[in-house]
Amino acid sequence: MLPELRVLYFEDLEVGLSETLSKTIASSDVVGFAEITGDRNPIHLSEHFAARTPFGTRIAHGLYTAGLISAVLGTRLPGPGAVYISQTLNFRAPVRIGDTVDVTVTVAELIPERRRARLACLCAVAGEAVLDGEAWVKVPNRAEADPLAARMERSRIAPSDA
Ligand SMILES: C[C@@H](O)CC(=O)SCCNC(=O)CCNC(=O)[C@H](O)C(C)(C)COP(=O)(O)OP(=O)(O)OC[C@H]1O[C@@H](n2cnc3c(N)ncnc32)[C@H](O)[C@@H]1OP(=O)(O)O
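What you see is a predicted model; the values in this text were computed from it and never measured.

Colleague: Looking at this structure, how should I read the overall build of the protein chain?
Modeller: Helix and strand counts for the protein chain stand at six helices and six strands. When its helices and strands are written in sequence order, the protein chain yields β-α-α-α-α-β-β-β-β-β-α-α. Taken against the 2.2 N^0.38 rule, which gives 15 Å for 162 residues, the C-alpha radius of gyration of the protein chain at 19 Å runs more than 25% over that of a compact globule. In terms of principal-axis extent, the alpha carbons of the protein chain reach across some 75 × 25 × 20 Å. Here the protein chain holds 162 residues, and 35% of them are scored as buried. Within the protein chain, counting contacts between residues at least 6 apart in sequence, those at least 24 apart form 66% of the total.

Structure (structure tokens):
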């Protein structure tokens, strides 16, 4: 899951616009997440420990799976320049090593005055929801992201105002 970066400005967004990225969870992802966060819960790291839990095997950190939502928001929808404001998360089912997680983010609401977007977030494994929630992000508009290009665009439309 290393997609090409795509910038969508606030003006490009519309309710219903959606993006899905997929990631197969490797043991090294889970070990790496444990190392960078310090969450060494053996349910993620020890097969011996995990075998005695209801899951029967090691599972991914919930916040690692949630991080895949952040990856969609930051690279594709809306993409570079988006700023996280909040995120709700419901961990519906475990994600096991080797599972392929399909992460879908869909624009649910737009507040133009504040350039805020609410996005419905769903992570699924083989069609079963494993995580869902809602994100709010602040999305740059064209003028904010590139003031020079915006001024040139305005002068092209109304030269006398330039
Ligand atoms: C701290 C870290 O180191 C640890 C981790 O990161 S662990 C990894 C992240 N978490 C998970 O992977 C857990 C995934 N979720 C589950 O496996 C299950 O949801 C559960 C074991 C947490 C709960 O299941 P269970 O006890 O069987 O609950 P029920 O199915 O009986 O449901 C009862 C009602 O609660 C609702 N519900 C259940 N789970 C959730 C949830 N995660 N979020 C919101 N609501 C949940 C369920 O819908 C039932 O509601 P109803 O109205 O009675 O139908």
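Colleague: Sorry, what's going on with the pattern of salt bridges here?
Modeller: Oppositely charged side chains can pair when the atoms bearing their charge come close. Under the defined criterion, the tally for this structure stands at eight salt bridges. Residues Arg 76 and Glu 19 are paired through a salt bridge, measuring 2.9 Å at the closest nitrogen-oxygen approach. One end of the pair, Arg 76, is in the loop between helix H4 (62-75) and strand S2 (83-87); the other, Glu 19, is in strand S1 (residues 18-24), and 57 residues separate them in sequence. Per residue, the accessibility class of Arg 76 equals that of Glu 19, and both read buried.

Colleague: Would you mind showing me how to read the site of the ligand here?
Modeller: Around the ligand, the surrounding shell holds 13 residues, and the nearest of these are Asp 39, Asn 41, His 44, Gly 62 and Phe 91. Within the contact set of the ligand, an oxygen atom lies 2.9 Å away from a backbone nitrogen or oxygen of Gly 62. For the ligand, whose unbound accessible area comes to 1000 Å², protein coverage reaches 38%. Along the lines of polarity and charge, the residues of the shell around the ligand split into six nonpolar, five polar and two charged.

Colleague: Honestly, the UniProt feature "domain: MaoC-like" (unreviewed entry) in the protein chain in this entry has me stumped. Any pointers?
Modeller: In the UniProt entry, the feature "domain: MaoC-like" (unreviewed entry) is given for residues 21-109. What you have in residues 21-109 is 37% helix and 24% strand, and the ends, taken at the C-alpha atoms, are 21 Å apart.

Colleague: Help me understand unusual backbone geometry in this model?
Modeller: Residues apart from glycine generally show negative phi values, whereas peptide bonds are mostly found in trans. The step from Leu 77 to Pro 78 runs through a cis peptide bond, and the omega angle for that step is 5°. The topology assignment puts Pro 78 in the loop between H4 and S2. Positive phi outside glycine occurs at Arg 115, with the angle close to 50°. The backbone of Ala 126 sits at a positive phi, close to 50°, despite the residue not being glycine. With relative accessibility at 77%, the residue Ala 126 sits in the exposed group.

Colleague: Help me understand the environment of Thr 65, please; the structure alone is not making it clear to me.
Modeller: Its place among the elements puts Thr 65 in helix H4. Relative accessible area serves as the criterion here: at 3%, Thr 65 is assigned to the buried category. Separated by 40 residues in sequence, Thr 65 and Ile 25 have C-alpha atoms that sit 9.0 Å apart. Setting aside anything within four residues of it in sequence, one finds Thr 65 in contact with Ala 60, Val 95, Val 101, Cys 123 and Leu 131.

Colleague: I'm lost on the nonpolar core in this one. Help?
Modeller: The tendency in soluble globular proteins is for nonpolar side chains to be buried side by side. Ranked by internal contacts, the top residues of the largest apolar core, which has 31 residues, are Ile 25, Ile 69, Val 101, Val 105 and Leu 119. Among the elements that line this core, the one with the most residues is H4, at six residues.

Analysis parameters
- Residues numbered from 1 in each chain as written.
- Predicted model: local features only at pLDDT ≥ 70, side-chain atom pairs only at ≥ 80, totals over all residues.
- Heavy atoms only, no water.
- Helix = DSSP H or I, 4+ residues; strand = E, 2+ residues; numbered from the N terminus.
- Rg over C-alpha atoms; globule rule 2.2 N^0.38 Å.
- Buried < 20%, exposed > 50% of the residue type's maximum accessible area, 1.4 Å probe, protein only.
- Contact = heavy atoms within 4.5 Å.
- Salt bridge = Lys/Arg side-chain N within 4 Å of Asp/Glu carboxyl O.
- Near = heavy atom within 4 Å.
- Polar contact = N/O pair within 3.5 Å; in protein donor to acceptor, adjacent residues only side chain to side chain.
- Areas by Shrake-Rupley, 256 points an atom, 1.4 Å probe, with all protein chains shown as cover.
- Nonpolar A, V, L, I, M, F, W, Y, C, P; charged D, E, K, R; others polar.
- UniProt positions renumbered as here; feature names shortened; annotations may be inferred.
- Core = buried A, V, L, I, M, F, W, Y, C linked by side-chain atoms within 4.5 Å.

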